[in-house]
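Each chain, letter by letter, is given below.
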Amino acid sequence: MTPGFLRTLSLLVRRSLAQHRAAAWLTMLSVALATGLSVSVLTIRHQSQESFYQGGLGFDAVLGARGSQLQLVLNAVYHLEVSQGNIPYTLYQTIKADPRVSAAVPIALGDNYYGYRIVGTKLEYFEQAELADGSQPRLRAGGRLFDPSRMEGVLGSTAAARTGLRVGDIFKPYHGLTFQEGTQHEEEYVVTGIIETTNTPLDRIILIPIEGIYRMGGHVLRGSGEEYTAQAGKEIDDLHKEVSAVLLKLKSPQAGLQMAQQINSQGNVATLAFPVGRVVAELFSKLGWAHAILTVVAYMTVGVAVTGVAASLYSTIHGRRRDIAIMRALGARRRTIFASIMAESAAICAGGALLGLGLYAAITMAASQLLQRHVGIAVDALAWHPALLATPLAVVLAGTLAGILPAVQAYRTNVLDNLQPTT
């Protein structure tokens, strides 16, 4: 193609788009919606899956009551599911002393503050938790970790932002994992620190000393097999204590396999979910059908949008026949008319694809807010994914091909018939 031909082609496309700007913009918006939806489905699924894998905070396995490994991981690590029961504190002590275990962190659940789960644990939690880059969670300036012997708490960033609690504020927990008016405890806890945003489930929880869970009003301990209620000023024997789960770091993968076989195949007291990543992979495997349906719907939306481009151009060719005939009479070649229609189709799809990337950014930011609030993970609109390039290119290519039919119609326009005077 010569520079002159390209300039002529560009002029014809610009004039046509300006002359039919309303139809062009509407068609472009439909392409933008299809592009934004398609890219969002592909990237959000990928990023959320990666965030889930990184949300394990560096723990290799979870020990909990007998039941589903997936439910155990979702409850103890991601704080999404209900607990399937407790295990005796003595079992935690036994697993901690196992030479195959490098770290064991107990957690106890059962309360919330306006829907944000309160997790009783020990200071080892802060020492052993690891973010995706290998660093440990950090507290915001002016805060400190709780004192295990006091009624104090440390908040995740999302929990702090949504509840409005700050360092020095006092809060009263509510019984149960779901917020209900009228279930508030009498115990008061002081906020001593707020954890910087981690984009993990840690952002959505409130951490207090595990002893605080044991001594919360209305809580009954059954670690010994019999009911026991903590009494103020009296030490609780370890025999009575129980934990919801134990987060484990193991010395080797072989140790994990041995322990999983030993615990899961014998008795009916406990379940070891190992490795955490495999259990999370099972979750996404179960949800694979939903993603497949969304992907098909997104691709069908692109197909409908591109078909709409072709239909829009095809319907306007009839009204543009006289203009095409005049251009032909003035020396425009058939191939120039043909190329201009295809270029117009490509231009509409290219504009729609660019708008679609902007729409994708808006969808991703909204999805990130929802995921951060309800799941504790975040997605980044600026994170690279092949779909950010492949989808717009595919849309433009499909749009160009969609212009073939209206271009052929324009190509066949009869000059003599369409230059006849109209009455």
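Scroll up to find the structure.
Every value quoted in this text rests on a predicted model; they were computed, and no experiment measured them. (Residues numbered from 1 in each chain as written. Predicted model: local features only at pLDDT ≥ 70, side-chain atom pairs only at ≥ 80, totals over all residues. Heavy atoms only, no water.)

Within the secondary structure, Q84 is located in the loop between α3 (69–76) and β2 (87–88). The exposure class assigned to Q84 is partly exposed, which follows from its relative accessible area of 22%. As a C-alpha pair, Q84 and A245 span 161 residues in sequence and 9.8 Å in three-dimensional space. From its side chain, Q84 meets the backbone oxygen of A65 in a polar contact 2.9 Å long. A polar atom in the side chain of Q84 sits 3.4 Å from the backbone oxygen of S68. (Helix = DSSP H or I, 4+ residues; strand = E, 2+ residues; numbered from the N terminus. Buried < 20%, exposed > 50% of the residue type's maximum accessible area, 1.4 Å probe, protein only. Polar contact = N/O pair within 3.5 Å; in protein donor to acceptor, adjacent residues only side chain to side chain.)

So, about the nonpolar core. In globular proteins that are soluble, nonpolar side chains generally tend to be buried together. L63, I95, F171, I206, V246, L248 and L272 are the most contacted members of the largest nonpolar core, which has 41 residues in total. Among the elements that take part in this core, strand β3 (residues 101–113) stands out by supplying 4 residues, more than any other. In this structure F171 touches Y113, I118, L155, L165, E187, E188, Y189, V191, I206 and I208, once residues within four positions along its chain are discounted. Core analysis: the next-biggest nonpolar cluster, separate from the first, contains 37 residues, L109, F146, I195 and V379 among them. (Core = buried A, V, L, I, M, F, W, Y, C linked by side-chain atoms within 4.5 Å. Contact = heavy atoms within 4.5 Å.)

Next up on the list: the packing of aromatic side chains. Across all of its chains, the model carries 11 aromatic pairs by this definition. With a centroid separation of 5.7 Å and 70 degrees between ring planes, the pair formed by F126 and F146 is classed as edge-to-face. Residue F126 is found in helix α5 (residues 124–128), and its partner F146 is found in the loop between α5 and β5 (152–155); the two are separated by 20 residues along the sequence. The same class applies to F126 as to F146, namely buried. Put simply, the rings of Y113, Y114, F171, Y174, F179 and Y189 pair up and form one aromatic cluster. Of note, K241 hangs over the ring of Y89, and the distance from its end group to the ring centre comes to 5.1 Å. One residue, K249, lies across the ring of F59, its end atom 5.9 Å from the ring centre. (Phe/Tyr/Trp six-rings, centres within 6.5 Å; stacked < 30°, edge-to-face > 60°. Lys NZ or Arg CZ within 6 Å of the ring centre and 35° of its normal.)

This part takes up α3. The buried fraction of α3 is high, at 6 of 8 residues. Its side-chain oxygen placed 3.2 Å from the backbone nitrogen of L70, S68 serves as the N-cap of α3.

With that settled, consider the packing of helix α2 (residues 21–54) against helix α13 (residues 387–402). Two elements in contact, α2 and α13, have axes whose closest approach is 10 Å; the angle formed by their N-to-C orientations is 150 degrees. Between α2 and α13, the crossing angle belongs to the class labelled roughly antiparallel. Both α2 and α13 take part in a crossing whose hand is right-handed. Residues V31, T35, S38, V39, L42 and T43 of α2 pack against A387, L388, T391 and V395 of α13. A class-by-class count of the residues in the contact of α2 with α13 yields 6 nonpolar, 4 polar and no charged. (Axes fitted to C-alpha atoms, helices over the stretch in contact; angles between N-to-C directions. Parallel < 35°, antiparallel > 145°, perpendicular 65-115°, else oblique. Left-handed = near helix turned anticlockwise from the far one by under 90°. Nonpolar A, V, L, I, M, F, W, Y, C, P; charged D, E, K, R; others polar.)

Taken across its 6 residues, strand β8 (residues 189–194) has 5 buried, putting it largely inside the fold. When β5 meets β8, the two strands line up parallel, connected through 4 bridges. If you follow V154 over to β8, its bridge partner there is G193. Examined bridge by bridge, strand β6 (residues 170–171) and β8 share 2 bridges and lie antiparallel to one another. Each residue of the ladder has a partner; that of I170, found in β8, is V190. (Pairing = 2+ DSSP bridges.)

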